[in-house]
Structures are given as C-alpha cells and as structure tokens.
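Listed here are the chains, written in short residue letters.
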Amino acid sequence: MARDSQAALVALNRFGFGARGGASGDLVNAASDPRGFVKAELARPNAVLLEAPGLQSTPQLGQAVFAYQDQVKQAREAAAKAGAPTEAPADQKPGPRRNLSLNAVATEIAGQMAEAKPTDNKSTDNKPADNMAKPDTMQPNAAASAAAKPAPQPLNVIQKTFRAEALARLQRATLVECGFTERLVVFWSNHFCISASKGELARIWAGAFEREAIRPHVLGRFADMLKAVEQHPAMLFFLDNQQSLGPDSRAGQNRRRGLNENLAREIMELHTLGVGGGYTQDDVTSLARIITGWTFAGRQGQLGAPGSFVFNVNAHQPGPQMLLGKSYEPTGLAQGEAALADIAHHPSTANFIATKFVRHFVADDPPPALVARLRDVFIKTDGDLKALATALVDSDEAWKAPLTKMRSPYDFLVASGRLLARVPEDPGAYLNNLNLLGQPLWSPAGPNGFADTSAAWAAPEGIKLRLDIAAQMGARLGPNIDPLDLLEFAAADAASIETRRTIERAESRQQALALLLMSPEMQRR
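These notes cover the structure that comes with them. This structure is a prediction, so every number in the text was calculated from the model and none was measured.

## Examining the overall build of the protein chain
Thinking step 1. From N to C terminus, the protein chain includes 27 helices and 4 strands.
Thinking step 2. Here the protein chain, with 525 residues, has 55% of them falling under the buried criterion.
Thinking step 3. Total accessible area on the protein chain is roughly 21800 Å²; 51% of this is exposed by carbon and sulfur atoms.

Structure, rendered in structure tokens:
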C-alpha cells in the first residue's frame, strides 16, 4: 500500500496530538492507512478511562477538602488567639493570547538563544522535572525575587490532588499512539467545562469531574454524558445549583431564598440547544425549577456521603412544570432526568453539537455540508458519540481542509513533549506554561470554556510567549538532539520546503529545535 505522508500529518495533527519522537514510528504507521490509524482508538473504549494510583473519587475528595478546611479554620482560630498573622494561599492567574512567520521567528530566536540558559530546576509549587521549564525570559527579575522568596510551604491536599490529576492527564496524552480519544476528552471537557478557580471544591474536583462525568461517555451516548455532567457535584458547585431553592419548597419558604438559574441557563445555552435553539427565558426558569434539589451532600453528611450527588426533596419546587411546550409531572428527581433526556434529543442540540465538533476538528468556519451530515448521524444514532467521531473521520472534508487552525496552548505543549519523547514526571512546568499562554488547566474564565478558533490563540503576544518557551526548550535540549531527525518524525516529506530550509540554516542545534517547535507543522492543525 502506498504511503501518504501528508494524510498521515493530518491524521496525527488534526485528530491527535502529533507524532511521538524516539522510535515510535507514528508517521510511518499512519501513512499506510491514515483513517484506519485514527479510528483504531475508537475500538478501545476502555482505553479512554483514566486510572492512576492515588486518584480518588469525588466523595472521597469532598471529605478530604472538608477535613482540610476544618484544620485551616482551627489553625486560624488558634493563631488569632495567639495574635499571629495568617496567610491566604495564592491561586493561578491566566495570561494573554496571531501571526506565524517562520522567518520572523528565526530572527527573534537568534537573539534569545544567548539569554536562554538552563536553570537549576529548583522550584516551589510548580517544579519542572520534565525539561519543559518556564522560560527565564519571562522572569526579568528572577534573581532578585528568588533572593526575597520565603521557603516554600508544603502542598496542601487540594494542591496535591490538582497536580496528581494534571500529571495523569498529561502522561496519558503524551504516551497514547494517535491521541484521538484524548482529543475527544479535551473537546468534551471544554464543552462541559467547570473552572478550578471557582473555589477549593472546584479545584480538588476538577480532575475527578473529567474522569467520572466525561471519559466514561466520550464514546457513549450524549444523553448519558449530559446527565452525568449535570449531576456531578463539581458542576453543581461551579454553577451554584446547591444554592437554588424552589420558591414553594419547604427550604425555600423557611430560608426566604429562591431560584438560581445559572445551571439551567448554561444547560440550554452552552451544553445543548445553543443560542437561538428555540428556548425562551420562561424555559430557563422552568428548567431551573425542575432541577431544584439537585445538590451534593455537605460536610455533615445529613443527606448522604459528603461530596456525593443527592436529591434534596425539601429544596425541590413542587408541582408540574412546562418546558419547551411539554408538561413534566412532579416526579421528583425523575422530573429533571426526563427533561434532560428530551433536551438531549432536541434537533437544536444535534445542530449545536455538530457545529462545535466540526469547528474544533476541521475549520473555524465549519463546512455546512459536513455539519449537516454529522447532525443527521447524531439524530439517527440517538446521540452516539462514537458514531459521530467515526463519521467525522470518514468525511472527505476533514482530510481535505488545510491545516490552518492554530493549536491551543495545551495542544502545543503536549505535541512538543510527545515529539521530544519527554514523558512528564512533574506537572509544574506544563501548568506554569499553560498559565503564561492563557489556558490555565481546567480554569476557563467563564462557563463557555476556552475559545476554539485560531484568532483566540494567534495574537502577537501569545506567539511571543510560545517563542519564549520554544527557545528555552531549544537551549535545554538542543545540544543533544538533531532537529532534522525530529522533523522526519513530525512530518517527513510532508514538511514544507520553507520549514526544512529554515531549520537547515539555523545557527545552532538549539536554534534549529526552537524553529522546529515554532514551525507550522507544530503550531497548526
């Protein structure tokens, strides 16, 4: 069978995280049967699940964070009595985000190589043990601040959990053959996003939410994923549904508090029907009433195991509700589950999901014919997400569209680690760089998730930051790597003449490696 390097590049970059370096031979394997190479992962649904030593369930983590909060409270009370000052832990902050000219990059890298020196790998909360360290060029006052820094504090249970979850995800993405199913996880996790910056519960639950509500259903049914997501404590906490009380419920009357429409609104606007999907504000209010009582057990465990999903009948709005023209009888928890099932099967949901799916994998302006076909597949298969993914891979449009979409910061960092054959042993450097590049892990600024278009990630300041990171990696690893060999792993004869010549003309291996990491073959999908 003839080998097609260009199609192999599409298989690995558009559908996966790019080729792995070392002796993996991903590009060669993909070139023989590009579509089959991508679809092979869909035949292994259990491989989507993520289990690693130390990763705990949401209720276990809920109990751990409640215990930690009690300890902090006791320590503060003791410190207050003793007159000692207390400190609040700092949190992550996102950064900024066009244009990619390899020649311009080459000119800039030449000046940076003199500045980019290997560091001693000493760090605090984000210790880079995987040679993808935060660039020194981003820390002009590093020496002064290092001298003034106090000794690092030990990580608390929330920080340890977040880093363990991040490391497990990064290692999986680095090691998988193609990465299509991991890309599907990233897509759906961003579609049904929470934000770890919401608070301690959101932070400790962020990884568990993805493991429990997203991964088991990535190749299953959309309706099942929708139910798992909306009943997960992390989503309920993120969108404040534990605060929503039916106005006529026992709790609502006693506490004089009412509905919180956050979750209901985002279910309809962002998770299913989409803007213009045929719902009204009255429908949002009705759905909010229907899902009152959907909450999680608190630290006292009065309704169930702390941190687990529970239905609190005392907070639920009694009576039938009219939603999208249909009346839902007062059946308690089943009322909300029936409403979600119907919304999952709504034609607007099929169109909204198909459009986002094609935009993510193919083009910022999704080809209407491809969107229509995927919409029909979604409807005819009862929201079978494996069938949806298969239809995407089987479409000609997905293979003919040029590789012009800019990789997100996460995709770029994972693709770089794969090509360099660096399996992370510590998530710190990745977390730092994701913060710098404006895509802090599991922490979008709002419930609409991170942007999925090139314009969001191709701004000049974002490219400059990628350049800094590429230069730092080049300085660290370049002396021991032949970038032209890596180019063969990454693209082989599908690499452009410009990319190949630019790397060949580099002043050093360090510069050549940085140029490779900034090339269209590594930055575009």
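## Quick notes on the layout of surface pockets
Thinking step 1. Considering only enclosed or pocket space, the second largest pocket measures out at about 600 Å³ in volume.
Thinking step 2. If you go around the second largest pocket, you meet 33 residues; those closest to its centre are Asn190, His191, Gly449, Phe450 and Ala451.
Thinking step 3. Of all the secondary structure elements, the ones that give two or more residues to the lining of the second largest pocket are α8 (180–191), α9 (200–214), α16 (347–361) and α20 (409–419).
Thinking step 4. The element contributing the most residues to the lining of the second largest pocket is α8, with 6 residues.

## A short note on empty space enclosed by the protein
Thinking step 1. There is about 40 Å³ of room inside the largest cavity.
Thinking step 2. Lining the largest cavity are Asp364, Lys405, Met406, Ser408, Ala451, Asp452, Thr453, Ser454, Trp457 and Arg525.
Thinking step 3. Taken together, the residues of the lining of the largest cavity sort by class into 3 nonpolar, 3 polar and 4 charged.
Thinking step 4. Here the second largest cavity is characterised by a volume of approximately 30 Å³.

## Focus: helix α4 (residues 58–82)
Thinking step 1. Compared with an ideal rise of 1.5 Å per residue, which puts 25 residues at 36 Å, α4 spans 36 Å between its outermost C-alpha atoms and is within 8% of the ideal.
Thinking step 2. Elements that come into contact with the buried residues of α4 comprise α7 (157–175), α9 and α11 (233–238).
Thinking step 3. Backbone geometry just downstream of α4 places Gly83 in the positive-phi region, at approximately 80°.

## Side note on unusual backbone geometry
Thinking step 1. The phi angle at Asp240 is positive, at roughly 65°, despite the residue not being glycine.
Thinking step 2. Positionally, Asp240 belongs in the loop between α11 and α12 (250–255).

## Here we look at the side chain of Thr285
Thinking step 1. Along the chain, Thr285 falls in helix α14 (residues 281–290).
Thinking step 2. Here Thr285 is in contact with Leu259 and Glu261, once residues within four sequence places are set aside.

## Overview of the environment of Asn262
Thinking step 1. Along the chain, Asn262 turns up in helix α13 (residues 262–271).
Thinking step 2. Overall, Asn262 belongs to the partly exposed group, its relative accessible area being 27%.
Thinking step 3. Apart from the residues lying within four places of it in its own chain, the contact partners of Asn262 are Leu239 and Asp240.
Thinking step 4. Within the structure, Asn262 has its side chain in polar contact with the side chain of Asp240 (distance 3.1 Å).

## With respect to helix α23 (residues 460–477)
Thinking step 1. For α23, spanning 18 residues, the distance from its first C-alpha to its last is 25 Å, which sits close to the expected 26 Å at 1.5 Å a residue.
Thinking step 2. Within α23, 15 of the 18 residues are buried, which leaves it mostly tucked inside the rest of the structure.

## Section: the pattern of salt bridges
Thinking step 1. Considering all chains together, one arrives at 25 salt bridges under this definition.
Thinking step 2. The salt bridge involving Arg418 is made with Asp26; its shortest N-O contact spans 3.9 Å. Comparing Arg418 with Asp26, the two get one shared label, buried.
Thinking step 3. Here the residues in one salt-bridge network are Arg169, Arg172, Glu182, Glu210 and Arg215, joined through shared partners.

Procedures and definitions
Residues numbered from 1 in each chain as written. Predicted model: local features only at pLDDT ≥ 70, side-chain atom pairs only at ≥ 80, totals over all residues. Heavy atoms only, no water. Helix = DSSP H or I, 4+ residues; strand = E, 2+ residues; numbered from the N terminus. Buried < 20%, exposed > 50% of the residue type's maximum accessible area, 1.4 Å probe, protein only. Areas by Shrake-Rupley, 256 points an atom, 1.4 Å probe, with all protein chains shown as cover. 1 Å grid on protein atoms, 1.4 Å probe; cavity = no way out; pocket = protein on both sides within 12 Å on 5 of 7 lines; lining within 4 Å. Points joined across faces, edges and corners; volume = space filled by probe spheres on them. Nonpolar A, V, L, I, M, F, W, Y, C, P; charged D, E, K, R; others polar. Expected span 1.5 Å × (residues − 1). Contact = heavy atoms within 4.5 Å. Polar contact = N/O pair within 3.5 Å; in protein donor to acceptor, adjacent residues only side chain to side chain. Salt bridge = Lys/Arg side-chain N within 4 Å of Asp/Glu carboxyl O.

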